[in-house]
Amino acid sequence: MPKLPLSDMRVVEIGSGDALSYCGKLFADFGAEVIKVEPSGGDPLRGIAPFVDAGDGRRESGTFAWLNTSKRSIIADLDRPADVARISALLATADLLLDGRPPSAIQASLLPHDELRRRQPGLAITALSWFGEHGPYRDYQATDSVCRSLAGSVKLVGPLEGPPVLPRDGQIAVMAGTTAFIPSLAGLYGRAHGARRFAVSALASMLQISEFDTGLALEVGFTRPRLAINRFGRGYPVGTFPTKHGWLGITVVTPAQWGAFCTMIGLPELEAEPHFADSLQRTTHSAELLGIFQPVLMQHTAQHWFERGIELRIPLAIVPDMAELLQQPYYRERGAFAPVAIGGASFDAPVLPQYLTRSRPLPNGRAPLAGEHDGEALPARKRVASRAATPDDPQPLKGLRILDLTMGWAGPSATRQMGDLGADVIKVESCQYPDWFRGTDTRGPYYPERTYEKIYWFQQMNRNKRGITLDLTRPQGMTLLKRLLADADAVIDNYAADVLPRMGLDAAAMLAINPRLVVVTMPAFGMSGPWSGVRAYGSTLEQACGLPSVTGREGDPPTMLHAALGDPVGGVSAAAALLLGFMHQRNTGEGQHIDLSAVEALLPLVAPSIIEQSATGTSGPRIGNRHPRFVPNGCFPCAGEDQWITLAVRSDAEWQALCAVMHRPDLAGDSRLASAEGRRAEEDRIEVAVRHWTATVRPDLAMVTLQAHGIPAGVARLPMDLPGDPHLVKVGHWQSVERPFMGPHLLPSVAYREGDAEMPYPVEHLAPTLGQHNAEVLGELLGLSDAEIAELRAAEIIGDMAIAKKAKAASGK
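Residues numbered from 1 in each chain as written. Predicted model: local features only at pLDDT ≥ 70, side-chain atom pairs only at ≥ 80, totals over all residues. Heavy atoms only, no water.

Turning to the overall build of the protein chain, a few remarks are in order. Within the protein chain, the secondary structure is distributed over 30 helices and 26 strands. Dimensions along the principal axes, computed over C-alpha positions, put the protein chain at roughly 80 × 65 × 50 Å. The burial tally for the protein chain puts 62% of its 813 residues in the buried class. In the protein chain, the 78 positive side-chain charges and the 89 negative ones have mean positions that sit 2 Å from each other. (Helix = DSSP H or I, 4+ residues; strand = E, 2+ residues; numbered from the N terminus. Buried < 20%, exposed > 50% of the residue type's maximum accessible area, 1.4 Å probe, protein only. Lys, Arg positive; Asp, Glu negative; His and termini not counted. Charge placed at Lys NZ, Arg CZ, Asp CG, Glu CD.)

This is the structure in structure tokens:
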């Protein structure tokens, strides 16, 4: 096996939490020596189902095992000075501390960060918590559902009348854990300039999902409504639909896709029907349209329709349950699942999705028992960094140059992460084919009034980048791109798998130009295999990864989350892959192709259900908004129109606190409700009591009151509410900026803070106008003269205005 990109690093992991563990897994499975410090009795996550038989009467959590493959485990009580001294000595040999303890617990502990940094200035530290280290929510209690509700990722999901649908646990772990990994590894990449400390907020990490809808609200002044289960916001037909065998995921958005869909179902005449002419009309008449095409879908299997969709370039997906997902040849052929072992147990689980072709991650492997490595001598080593970074030091990725050929959401959000950390990101568009996040409706004022410079989503995704235009369909434009590739460190695209190869610029061709280039491709289903030609949106990816089959209530259709999860999750996954490629590049001098499959990036979101299926042969029933451990748990109506609060009771003490808040001594004194098991048997009655109280209280007041009593609770916010959220305002998440064509507007910030800062990095560069940096990039990097640049502009190889006669709306990834 080749040396892995992080095999020269030692990481110490303290605290508990699945996001912390997933961040550590990214380090461990790419070769770092990760030492997990557990309390006596082991990490509490070891006690969370699904369980596997590890031998000798020991039951271990399968999800815990997956999150902790390739790590060492030692036991230490951080309230005991002797154990703290032992861990401090270990940290003296480490490059990075990953700390999942709550901020107040870190400050009050025998191992506070300020003291660590004073004694060990070369130690990098990343603290990961629910809400970060500042702001009014800092010490709030939280669960996955509470955090998602505050992040605007719950209220849009579910039936019109409510309640909003709460997803299953474990998904924040992937988003927050990967988000934490990005600045952590970037800091280690630049560690010659000093060690850095980052504090990462899980809430802010989740805002990367809801920011699309926040952008819609800031753009047009409203948020998509919650219409019904599986009424996804991009029009109709979009959702999951039954077939003769299996469920089919459909996302029809563009006129071309609608025409192809009509052809597929054998009713081409539907395309010309006026009341089905566009997405709005089809949404308005959705019941009539469903009555027409649903009987047709029932004539064939989901597999049949999926294959027809590939032929006709329609974004379709088979929506598998967990058993079907584990058996699908596509995932098996790409090595997307591999065994996890703990004790004597073994089961299959997702492999990390960062598919580095020259340095693939470990295919899961063995997880440690609690304290398995106590007393083992560790190899002596000395960390690289000897001092802490200062404000005068360059950002950690300064000096790296990335050519950004991506468009839309997923790819640009990946390169945005790199630009935020100091990389020189050069976004390549063309006047003939601008980024589709500049708008796809080219009618009316689009060209004469340059509407393509006024779309908010483009501003969100493309901060801290330079922008050029090149017509890659013409030899002169392609030649210039190749010259830029020759001196770049990385290139990334998210086109469909066949686009650049048809232009003679596949990964092999780019590596032939520059053998040290990191080449990232991120089509929906990767670059190889029978599904590589599948067209997809974020909704398609959610359908294909099986997540809808475990969301919602038993008896409901597979339930989607009404957010294009594939884009933001794929974006942070690609950013992590870029950084891993840079580490391999630095260690070996080699470039490589990173074949990221956007759908595989979503498999970790479903990992607990995949593990349950593999380990036990079944996946438990869907339980709606209830929770396997917390009773009560749910999203409850509050005073006002469509106002909701999410709350969870994790312990018997919290149950007594809830009864006190609701002024229900009768419930507090009912011995049948004293335990979670007893409350489970009376859950219907308890939920009625909770609704009676919440219905009388405004949601923000309910949240503050419940949190004051130590009960996890959060308002189910709309994305359009987020710019006014008091916590996000206090910590400076929304930055006020002003840009030509846009005027004043708000931009979101990174999900982390460096050092002890309350405020985020400022946005250094606003999103480029079309071709804004043509002369700067082509002149400085390629040495072109003013006259040569003028000739290119006259020939329309470059330019700074979109060209109407060749404009074309993009479709899918």
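Structure's up, so let's keep going.
Another aspect to go through is the packing of aromatic side chains. In this structure the tally under the stated criterion is 27 aromatic pairs. A ring pair is formed by Phe241 and Phe293, whose centres lie 5.3 Å apart and whose planes are at 75°; its orientation type is edge-to-face. You can see Phe241 sitting in strand 9 (residues 238-242) and its partner Phe293 sitting in helix 11 (residues 286-297), a full 52 residues away along the chain. The residues Phe241 and Phe293 share a single accessibility class, namely buried. With 5.0 Å between their ring centres and 80° between their planes, Phe306 and Trp531 make a pair best called edge-to-face. Of this pair, Phe306 sits in helix 12 (residues 302-312) while Trp531 sits in the loop between strand 19 (518-521) and helix 20 (538-544), and the two are 225 residues apart along the sequence. Each member of the pair, Phe306 together with Trp531, is buried. Through pairs of rings, three or more aromatic residues link up here, namely Tyr236, Phe241, Trp258, Phe261, Phe276 and Phe293. Here the basic side chain of Arg59 rests over the ring of Phe51, its NZ or CZ set 4.0 Å away from the ring centre. Seen from the ring of Phe458, Arg438 lies directly overhead, with NZ or CZ sitting 3.8 Å from the centre. (Phe/Tyr/Trp six-rings, centres within 6.5 Å; stacked < 30°, edge-to-face > 60°. Lys NZ or Arg CZ within 6 Å of the ring centre and 35° of its normal.)

The next subject is the sheet that holds strand 14 (residues 365-366). The pairing of strands in a sheet happens through backbone hydrogen bonds and is either parallel or antiparallel. Spatial strand order, 13-12-14: three strands in an open sheet with mixed pairing. Each edge of the sheet is formed by a strand with only one pairing partner; in this case those strands are strand 13 (345-350) and strand 14. Here strand 12 (residues 337-342) pairs with strand 13 via six bridges, running antiparallel. Following the sheet pairing, Ala338 is matched in strand 13 by Ala349. Of the strands in this sheet, strand 12 and strand 13 touch helix 22 (residues 607-616), which is tilted by about 140° from strand 13. (Pairing = 2+ DSSP bridges. Contact = heavy atoms within 4.5 Å. Axes fitted to C-alpha atoms, helices over the stretch in contact; angles between N-to-C directions.)

Turning next to the nonpolar core. Counting 175 residues, the largest nonpolar core has Leu6, Phe27, Leu185, Tyr331, Met418 and Phe582 as its most contacted members. Once residues within four sequence positions are removed from consideration, Met418 is found in contact with Ile182, Leu397, Ile402, Ala423, Val425, Ala575, Leu578, Leu579 and Phe582. One finds Met407, Val428, Leu470 and Ala507 within the second-largest nonpolar core, a separate group that totals 37 residues. (Core = buried A, V, L, I, M, F, W, Y, C linked by side-chain atoms within 4.5 Å.)

Before going further, it helps to spend a moment on the sheet that holds strand 11 (residues 316-319). Spatial strand order, 9-10-11: three strands in an open sheet with antiparallel pairing. Looking along the sheet, the strands with just one partner apiece sit at the ends: strand 9 and strand 11. Each neighbouring strand pair of the sheet contributes to a mean axis angle of 25°, computed without reference to strand direction. As paired elements, strand 9 and strand 10 (residues 247-251) share five bridges and run antiparallel to each other. Residue Pro242 lies in a different strand from strand 10, and its bridge partner there is Trp247. Across the face of the sheet, helix 12 comes into contact with strand 10 and strand 11 while running at roughly 160° to strand 11.

On to the side chain of Arg197. Relative to the helices and strands, Arg197 is located in strand 8 (residues 197-201). Of the polar contacts made by the side chain of Arg197, one reaches the side chain of His113; its length is 3.0 Å. Only 2.4 Å separates the side chain of Arg197 from the side chain of Glu133, close enough to count as a polar contact. Among all residues touching Arg197, those that are not within four sequence positions of it are His113, Arg117, Ile125, Ala127, Glu133, Arg753, Glu754, Gly755 and Asp756. (Polar contact = N/O pair within 3.5 Å; in protein donor to acceptor, adjacent residues only side chain to side chain.)

Moving on to the packing of helix 7 (residues 171-189) against helix 21 (residues 566-588). Between helix 7 and helix 21, the least distance of the axes is 9 Å, while the angle of their chain directions is 25°. Relative to helix 21, the element helix 7 is oriented roughly parallel. The chirality of how helix 7 crosses helix 21 is left-handed. From helix 7, Met175, Thr178, Thr179, Phe181, Ile182, Leu185, Ala186 and Tyr189 reach across to helix 21, where they touch Pro568, Val569, Val572, Ser573, Ala575, Ala576, Leu579, Leu580, Phe582, Met583 and Arg586. Looking at side-chain class alone, the contact of helix 7 with helix 21 contains 15 nonpolar, three polar and one charged residues. (Parallel < 35°, antiparallel > 145°, perpendicular 65-115°, else oblique. Left-handed = near helix turned anticlockwise from the far one by under 90°. Nonpolar A, V, L, I, M, F, W, Y, C, P; charged D, E, K, R; others polar.)

Below, the discussion takes up helix 17 (residues 475-486). Taking 1.5 Å per residue as the helical rise, helix 17 with its 12 residues ought to reach 16 Å, and the 17 Å between its terminal C-alpha atoms agrees with that figure. Of the residues making up helix 17, those classed as buried are Gly477, Met478, Leu480, Leu481, Leu484 and Leu485. Seen end-on, helix 17 carries its buried residues on one side only, within an arc spanning 160°. For helix 17, the elements touching its buried residues are strand 15 (401-404), strand 17 (466-469), strand 18 (490-493), helix 19 (507-513), helix 29 (774-782) and helix 30 (786-794). (Expected span 1.5 Å × (residues − 1). Arc of directions from axis to C-beta.)

This brings us to the pairing of strand 20 (residues 592-595). Strand residues, when the strand is regular, have side chains that alternate between the two faces of the sheet. Across the two faces of strand 20 the burial is the same, with Gln592 and Ile594 and His593 and Asp595 all buried. Bridge count between strand 19 and strand 20: four bridges; the pairing is parallel. Residue pairing across strands places Val520 opposite Ile594, the latter belonging to strand 20.

Turning next to the side chain of Arg438. Residue position: Arg438 is located in the loop between strand 16 (424-429) and helix 16 (456-461). Sequence-distant contacts of Arg438, that is, excluding residues within four places in its chain, are made with Glu429, Tyr446, Thr451, Tyr452, Glu453, Ile455, Phe458, Arg739, Pro768, Thr769 and Leu770.

The next subject is helix 1 (residues 18-28). For the α-helix, the turn length of 3.6 residues means that residues three or four positions removed from each other point alike. Taking burial as the measure, the 11 residues of helix 1 include 10 buried ones, the bulk of the element. Among the residues of helix 1, Ala19, Leu20, Ser21, Tyr22, Cys23, Gly24, Lys25, Leu26, Phe27 and Ala28 are the ones counted as buried.

Further remarks concern the confidence of the model for the protein chain. Chain-level statistics for the protein chain give a pLDDT mean of 95 and a share of 98% at 70 or above. Predicted confidence is poor over residues 806-813, with pLDDT under 50, and the contacts of this stretch with residues over four places away or in other chains come to 27 contacts. (pLDDT = per-residue confidence, 0-100.)

With that out of the way, let us pick up unusual backbone geometry. Omega for the bond connecting Gly162 with Pro163 falls within 30 degrees of zero, at 0°, which places this linkage in the cis form. Note that Pro163 resides in the loop between helix 6 (144-150) and helix 7. Following Tyr236, the chain continues into Pro237 via a peptide bond in cis, with omega recorded as 0°. As for its placement among the helices and strands, Pro237 is situated in the loop between helix 8 (202-220) and strand 9. The backbone of Asp56 shows a phi angle near 55°, a positive value even though the residue is not glycine. Turning to its location among the elements, Asp56 is positioned in the loop between strand 3 (51-55) and strand 4 (58-61). Taking the relative accessible area as the measure of exposure, Asp56 reaches 87% and is therefore exposed.

Within the structure shown, the criterion is met by 57 salt bridges. A salt bridge links Glu38 to Arg46; the shortest N-O distance between them is 2.7 Å. The two residues Glu38 and Arg46 agree in class, both being buried. Here Glu453 ties to Arg438 by a salt bridge, and the two come within 2.8 Å at their closest N and O atoms. (Salt bridge = Lys/Arg side-chain N within 4 Å of Asp/Glu carboxyl O.)

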